[in-house]
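# Fold and contact review
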Amino acid sequence: MNQVQAGSFLTLHYRLCGPQGDDLINTFNDKPATLSLGTGELAPAVEARLMGMTEGTHAKFELAAGEAFGERNPELLQRVKRSLLDELGDANERYHVGDVVQFPTPNGQGAYAGVVREVGGDSLLFDFNHPLAGRPVTFEVQLIGVL
């Protein structure tokens, strides 16, 4: 049986659960996922736990707060002026706490997301941390194939 190693191509079912046990991703009731290790598709801590597993393995493991998606970084809470939001998007847009807003990267080739945490008069407070940063998660996996 093939073992997972750096650069392996995997076919697997997996489930990622948040701190309350709620499914965030679950492929067990659908088609299995295919991915390559080392390409950023899985968190490094998850990839490390998969290393050495063999085809057919079914495992479940807990990742401590901050292990899977890093610790919360207070510097990633940023105020953005409403005038900049108007310039980047729709000047008539109404923002609410909990909204996810896409921002272009400086080179314009991609985007990143921030969650509105506070709406003020001339600015909004955005949280650019991963939603699961600083939180424990559970990862369940069934390895179907390893190449």
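### Remarks on the environment of Gly 89
Checked against the element boundaries, Gly 89 lands in the loop between helix 2 (82-88) and strand 6 (100-104). Gly 89 sits in the partly exposed class, given a relative accessible area of 46%. As a C-alpha pair, Gly 89 and Val 101 span 12 residues in sequence and 10.0 Å in three-dimensional space.

### Considerations on the packing of aromatic side chains
Any two aromatic rings considered together are summarised by their centre-to-centre distance and by the angle between their planes. Counted by the stated rule, this structure contains 7 aromatic pairs. Ring geometry for Tyr 14 versus Phe 139: centroids 5.6 Å apart, planes at 25°, classification stacked. Highlighted residues: Tyr 14 in strand 1 (residues 9-17) and Phe 139 in strand 9 (residues 137-146), separated in sequence by 125 residues. Taken as a pair, Tyr 14 and Phe 139 share a single burial class, namely buried. The exposure class of Phe 139 is buried, given its relative accessible area of 2%. An aromatic cluster of three or more residues is present, and its members are Phe 103, Tyr 112, Phe 126 and Phe 128.

### A word on the side chain of Glu 140
Summarising the element assignment, Glu 140 is placed in strand 9. Among the residues examined, Glu 140 registers a relative accessible area of 15% and is labelled buried. Side chain to side chain, Glu 140 and His 58 meet in a polar contact 2.7 Å long. What Glu 140 contacts, discounting residues up to four positions off in sequence, is His 13, Tyr 14, Arg 15, Phe 28, His 58, Ala 59 and Lys 60.

### Brief notes about the nonpolar core
With 24 residues, the main nonpolar core has Leu 10, Leu 50, Phe 139 and Val 141 as its most contacted residues. Listed by contribution, the elements that provide at least two residues to this core are strand 1, strand 3 (33-36), helix 1 (44-50), strand 4 (58-63) and strand 9. With 5 residues, strand 9 is the largest single contributor of residues to this core. Discounting chain neighbours no more than four positions away, the residues touching Leu 50 are Val 4, Leu 10, Leu 37, Leu 42, Phe 139 and Val 141.

### Section: the environment of Ala 59
Its place among the elements puts Ala 59 in strand 4. C-alpha of Ala 59 to C-alpha of Asn 129: the two residues are 70 residues apart in sequence and 28 Å apart in space. Sequence-distant contacts of Ala 59, that is, excluding residues within four places in its chain, are made with Met 53, Phe 139, Glu 140 and Val 141.

About the cut-offs
Residues numbered from 1 in each chain as written. Predicted model: local features only at pLDDT ≥ 70, side-chain atom pairs only at ≥ 80, totals over all residues. Heavy atoms only, no water. Helix = DSSP H or I, 4+ residues; strand = E, 2+ residues; numbered from the N terminus. Buried < 20%, exposed > 50% of the residue type's maximum accessible area, 1.4 Å probe, protein only. Phe/Tyr/Trp six-rings, centres within 6.5 Å; stacked < 30°, edge-to-face > 60°. Polar contact = N/O pair within 3.5 Å; in protein donor to acceptor, adjacent residues only side chain to side chain. Contact = heavy atoms within 4.5 Å. Core = buried A, V, L, I, M, F, W, Y, C linked by side-chain atoms within 4.5 Å.

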